[in-house]
Structure formats: C-alpha cells, structure tokens
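Each chain, letter by letter, is given below.
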Amino acid sequence: MRVEEGDFFLWTDPRGGDGSWDVGFDYTFGCAMQPNARQQWAHHWGRHVRSGGVLVTLVFPVNSEADPNVGPPFPVSPELYSEMLIPQCFEMTYKEPVPRELSHPSRAGREVMMVWRKK
C-alpha cells in the first residue's frame, strides 16, 4: 500500500500515466469544496482510479432542506454523487445509510456510504 499526500487536482503519477489507483477514499472532500469545483472533482476521480478499481465515498452532510450554496460543509446527496460519478465510468455497487450508532453523534442520520467500481 502506498499513501500519497498532495493537491488532488494537481497530482500526477510519478511513474507516468493515469488510472493507477486501486482504491480511493473520499470523506468530507466532496462537501468541502465550492459547488462549482465538483465536476473537476469527479473528473479527477475518474482519471486517478484504474479500470476495475474502487472508490469509497462517505456522503456527508445529507440534508435535502439545506441551502446547497451555503458551506462548507456544503450539503450533498447520493443522487448528486451518482450524477457526477456515473459519467466518469463508475458504477455504484453499494449504497447504505450509515447506522446512527456508527456515526459521530453530530453526523448521525446524515451519512451514506457508497462504493463505486470503475468500468
């Protein structure tokens, strides 16, 4: 296993090429950026994760009543993640709300775990 630290949007594989990640994990990244950066976020996940690789997203904060332009954290939804990741050749393989007892108390009921496989 190798862990990389850096600017997600600027990172390139020092070995050359794209699509070298077997697994990606996103928790609070999707909600932290300005909404106008989300398509770039999805594009880079599609670029970095190899065909057959997996992207795990913990979707937070899920709140359909919140103003989508107020944040961070900006409210997100499983549907939004689908709209962004499916065009990047990801297919959802798992989607379940995180049980309240497994969430941080301030996040209970507002998290959904989604797992994606890159085609």
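Now for a quick tour of the structure.

Conventions adopted
- Residues numbered from 1 in each chain as written.
- Predicted model: local features only at pLDDT ≥ 70, side-chain atom pairs only at ≥ 80, totals over all residues.
- Heavy atoms only, no water.
- Phe/Tyr/Trp six-rings, centres within 6.5 Å; stacked < 30°, edge-to-face > 60°.
- Helix = DSSP H or I, 4+ residues; strand = E, 2+ residues; numbered from the N terminus.
- Buried < 20%, exposed > 50% of the residue type's maximum accessible area, 1.4 Å probe, protein only.
- Pairing = 2+ DSSP bridges.
- Contact = heavy atoms within 4.5 Å.
- Salt bridge = Lys/Arg side-chain N within 4 Å of Asp/Glu carboxyl O.

## A closer look at the packing of aromatic side chains
- Inspection of every chain in the model, using the stated rule, returns 8 aromatic pairs.
- Pairing Phe8 with Phe29 gives two aromatic rings, centres 5.2 Å apart and planes at 90 degrees, and the pair type is edge-to-face. Of this pair, Phe8 sits in the segment before strand S1 (21-27) while Phe29 sits in helix H1 (residues 29-32); the two residues are 21 residues apart in sequence, bridging distant segments of the chain.
- Overall, Phe29 belongs to the partly exposed group, its relative accessible area being 25%.

## Re the pairing of strand S2 (residues 49-59)
- When S1 meets S2, the two strands line up parallel, connected through 6 bridges. Within the sheet, the bridge partner assigned to Asp26 lies in S2 and is Thr57.
- Here S2 pairs with strand S4 (residues 112-118) via 6 bridges, running antiparallel. Looking across to S4, one finds that Leu58 is bridged to Met113.

## Examining helix H3 (residues 78-85)
- Counting buried residues in H3 gives 6 out of 8 residues, a clear majority hidden from the surface.
- Here H3 has its buried residues at Pro78, Leu80, Tyr81, Ser82, Met84 and Leu85.
- Check the buried side of H3 and you find it contacts S1, H1, helix H2 (38-48), S2, strand S3 (90-97) and S4.

## Focus on the pattern of salt bridges
- Evaluation of the coordinates by the stated rule reveals 2 salt bridges.
- Here Asp22 and Arg50 are joined by a salt bridge, their closest N and O atoms 2.5 Å apart. Of this pair, Asp22 sits in strand S1 while Arg50 is found in strand S2, placing the two residues 28 residues apart along the sequence.
- Residue class for Asp22 comes out partly exposed when judged on its relative accessible area of 45%.
- Relative accessible area serves as the criterion here: at 31%, Arg50 is assigned to the partly exposed category.
- Glu91 is the partner of Arg117 in a salt bridge, and the nearest nitrogen-oxygen pair spans 2.3 Å. Here Arg117, found in strand S4, pairs with Glu91, found in strand S3; they are 26 residues apart in sequence, far enough to count as distant.
- Its relative accessible area of 28% is what places Glu91 among the partly exposed residues.

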